[in-house]
Amino acid sequence: MPETEPRTPDPQGQDRPRVTASAIPADDPADPPAGAPAPAPASASASALQDDSAGAQRADGSEADRIRGARTEAARTDRAGAEGAERDRADGPAHAGPTSRRARKAKAREGRSPLFLWLKEVATVVIVAIVLSFLIKTFLFRAFYIPSESMVNTLDVNDRIFVNLLVPEPMALQRGDVVVFRDSQGWLAPAAEKTKGPFTWVQDGLTFVGLLPDNSEQHLVKRVIGLPGDHVVCCDAGGQLTVNGVPLDEKYINSAEIPQVRDFDVVVPAGKVWVMGDNRNHSADSRAHMDANGGFVNESDIEGKAAVIAWPLNRMSALDNYPDVFRSVPAPAGK
């Protein structure tokens with residue numbers, strides 16, 4: 001049958017159904033006789049054409065409405081995205097509203113000067129350094145100042161040393177260790193009271209937290225020669241110090257002078273040690289204080305073992321306890 005209109009592509013990419021006009025059989029007795037050509041009903045064709053045209057118009061209108069709606073939605077999305085980006089720049093991340101904690105912090109940072117932020121960073125570093133120094137000074141190491149020549153050449157006047165606080169507990173003392181101990185036996189003359197200045201409290205505070213060495217001059221530094229139970233004698237026929245009958249080749253003694261001989265013969269009691277200075281002729285050590293506690297130092301008075309010279313820089317080094325000197329010394333009798 002003939003098509004009444006050309007094929008029109010569907011907006012969705014498919015052809016619409018063809019619309020055709022055909023003769024409608026007449027049941028009316030007044031129909032023309034058989035063999036006569038039947039006229040096409042004009043009203044039916046016109047109606048079909050009108051319906052098809054109206055459908056096309058509706059389809060075209062719907063497509064236009066869809067396109068306009070899509071464009072409107074895209075424009076609305078673009079506006080929302082632009083507004084969101086503007087909020088991000090003003091208030092922080094998209095998930096942070098204008099009243100969120102992160103947004104408030106961001107605004108607060110924007111209002112602070114670079115100098116304030118720099119000072120805040122410096123203050124944080126200083127506080128952390130003070131806390132760490134205090135913890136180290138309390139549990140691990142402590143700094144001391146050397147005011148005398150009793151340990152020359154091992155230690156010089158004005159040296160600054162770090163003392164290992166883990167000795168004598170939990171780490172045990174050994175012969176040859178250089179130790180710092182409190183003067184609980186009155187070996188030192190009472191220190192003169194120092195004049196307090198306007199910033200004395202600053203020095204005291206830095207000493208307390210461990211940033212400055214202890215210069216109270218109420219501590220002593222000597223070398224451990226005898227441990228509890230050791231028999232220490234000076235001197236044998238060759239002028240050497242002996243421990244448990246073994247003479248010592250004391251390599252740490254100040255070689256600039258020949259040590260003066262001071263005779264003694266002691267057995268170290270439990271909980272005490274016998275100490276002597278490396279600069280034997282200029283050291284008021286256990287030999288000079290035998291009238292007080294027998295010249296012995298209580299282990300409980302020992303602050304720790306001197307580990308390193310920290311200052312001056314040209315003398316920075318670890319301190320040796322000369323294990324070879326005492327290697328041949330046997331254990332005390334009965335141990």
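Note that the structure is a prediction, hence the values are computed from the model and not measured.

Engineer: How should I be thinking about the overall build of the protein chain in this particular structure?
Structural biologist: On a plain count of helices and strands, the protein chain comes out with five helices and twelve strands. By the burial criterion, 29% of the 335 residues in the protein chain qualify as buried. For the protein chain, restricting intrachain contacts to residue pairs at least 6 apart in sequence, the fraction spanning at least 24 positions comes to 68%. Summed over all atoms, the accessible surface of the protein chain reaches about 21,100 Å², with 58% contributed by carbon and sulfur.

Engineer: Could you clarify how one ought to interpret a nonpolar patch on the surface in this entry?
Structural biologist: Judged by side-chain polarity, I127, V128, V131, L132, F134, L135, I136, F139, L140, F141 and F162 come together as a nonpolar surface patch covering roughly 950 Å² of accessible area. Overall, F141 belongs to the partly exposed group, its relative accessible area being 36%.

Engineer: Help me out: how do you make sense of the pairing of strand β8 (residues 264-267) in this one?
Structural biologist: Consecutive side chains of a regular strand alternate in pointing toward one face of the sheet and then the other. Of the two faces of β8, the one lined by F264 and V266 is fully buried and the one lined by D265 and V267 carries no buried residue. For strand β5 (residues 231-234) and β8, the ladder comprises four bridges, and the chain directions are antiparallel. Looking at β8, one finds that V233 is bridged to D265.

Engineer: What am I meant to see in the sheet that holds strand β7 (residues 246-247) here?
Structural biologist: Within a sheet, adjacent strands bond to each other through the backbone by hydrogen bonds, running parallel or antiparallel. A sheet is described by the order of its strands in space; here four strands give the open sequence β7-β6-β5-β8, paired in antiparallel fashion. Each having just a single partner strand, β7 and β8 make up the two edges of the open sheet.

Engineer: Honestly, the state of the cysteines in this entry has me stumped. Any pointers?
Structural biologist: Disulfide: a covalent bond formed between the sulfur atoms of two cysteine residues. Tallied over the full model, the rule gives one disulfide. Between the sulfur atoms of C234 and its disulfide partner C235 the distance amounts to 2.0 Å. Look at C234 and you get buried, because its relative accessible area is 11%.

Engineer: Is there a simple way to explain unusual backbone geometry in this structure?
Structural biologist: A negative phi angle is the norm for most residues apart from glycine, just as the trans form is the norm for most peptide bonds. Here the bond from V167 into P168 is cis, since omega is 10°, no more than 30 degrees from zero. By secondary structure assignment, the location of P168 is in the loop between β2 (160-164) and β3 (178-182). In the segment running from C234 into C235, the intervening peptide bond is cis, with an omega of 0°. For C235, the location among the structural elements is in the loop between β5 and β6 (242-243). With a phi angle near 55°, N244 is a residue other than glycine that sits in the positive phi range.

Engineer: Help me out: how do you make sense of the nonpolar core in this one?
Structural biologist: Soluble, globular proteins show a tendency: their nonpolar side chains are buried together. Among the nonpolar cores identified, the biggest contains 17 residues, and I225, V232, L241, L248, F264, W274 and F326 are the most heavily contacted of them. Looking at this core, the elements that each hand over two or more residues are β5, β8, β9 (272-276) and α5 (323-326). Other than its neighbours up to four places away in sequence, I225 contacts R175, D230, V232, L241, V243, E250, Y252, W274, V275, M276, R280 and F326.

Engineer: Explanation requested: the pattern of salt bridges in the structure shown.
Structural biologist: Pairs can form between side chains of opposite charge once their charged atoms are near each other. Taken as a whole, this structure holds eleven salt bridges when the rule is applied. The salt bridge partner of R280 is E250, with a shortest N-O separation of 2.6 Å. Residue R280 is found in the loop between β9 and β10 (297-298), and its partner E250 is found in the loop between β7 and β8; the two are separated by 30 residues along the sequence. Neither R280 nor E250 differs from the other in exposure class; each is buried. Each of R142, R182, D301 and E303 takes part in salt bridges that share partners, so that together they form one network.

Engineer: Just to check I follow, could you spell out the side chain of D301 for this structure?
Structural biologist: Mapped onto the elements of the fold, D301 is located in the loop between β10 and β11 (302-311). Overall, the relative accessible area of 8% leaves D301 in the buried class. A distance of 2.2 Å separates the side chain of D301 from the side chain of S184, its partner in a polar contact. Aside from chain neighbours lying at most four places away, what touches D301 is V180, F181, R182, S184 and Q185.

Engineer: Explain the environment of I309 to me, please; I cannot follow it from the model alone.
Structural biologist: Mapped onto the fold, I309 is located in strand β11. On the basis of relative accessible area, I309 is assigned to the buried category, the value being 3%. Taking the C-alpha atoms as reference points, I309 and D159, separated by 150 residues in sequence, lie 6.8 Å from one another. Other than its neighbours up to four places away in sequence, I309 contacts T154, L155, D159, R160, I161, R315, M316, S317 and L319.

Engineer: How should the packing of aromatic side chains be read in this particular structure?
Structural biologist: Both the distance between ring centres and the angle between the ring planes are used here to describe each pair of aromatic rings. Under the criterion given, the structure shown has five aromatic pairs. Taken together, a centroid distance of 5.7 Å and an interplanar angle of 85° make the contact between F181 and W187 edge-to-face. In terms of burial, F181 and W187 fall into one category: buried. When the ring of Y252 is compared with that of F326, the centres are 6.4 Å apart and the planes differ by 10°; the resulting orientation is stacked. Taken as a pair, Y252 in the loop between β7 and β8 and F326 in helix α5 lie far apart in primary sequence, 74 residues in all. F326 sits in the buried class, given a relative accessible area of 6%. Above the ring of Y252, the side-chain terminus of R223 is found at 4.4 Å from the ring centroid.

Scoring rules and cut-offs
- Residues numbered from 1 in each chain as written.
- Predicted model: local features only at pLDDT ≥ 70, side-chain atom pairs only at ≥ 80, totals over all residues.
- Heavy atoms only, no water.
- Helix = DSSP H or I, 4+ residues; strand = E, 2+ residues; numbered from the N terminus.
- Buried < 20%, exposed > 50% of the residue type's maximum accessible area, 1.4 Å probe, protein only.
- Contact = heavy atoms within 4.5 Å.
- Areas by Shrake-Rupley, 256 points an atom, 1.4 Å probe, with all protein chains shown as cover.
- Patch = residues over 30% accessible without salt bridge, like charges linked within 9 Å, V, L, I, M, F, W, Y side chains within 5 Å.
- Salt bridge = Lys/Arg side-chain N within 4 Å of Asp/Glu carboxyl O.
- Pairing = 2+ DSSP bridges.
- Disulfide = S-S within 2.5 Å.
- Core = buried A, V, L, I, M, F, W, Y, C linked by side-chain atoms within 4.5 Å.
- Polar contact = N/O pair within 3.5 Å; in protein donor to acceptor, adjacent residues only side chain to side chain.
- Phe/Tyr/Trp six-rings, centres within 6.5 Å; stacked < 30°, edge-to-face > 60°.
- Lys NZ or Arg CZ within 6 Å of the ring centre and 35° of its normal.

Such coordinate-based values are descriptive only and should not be taken to indicate function.
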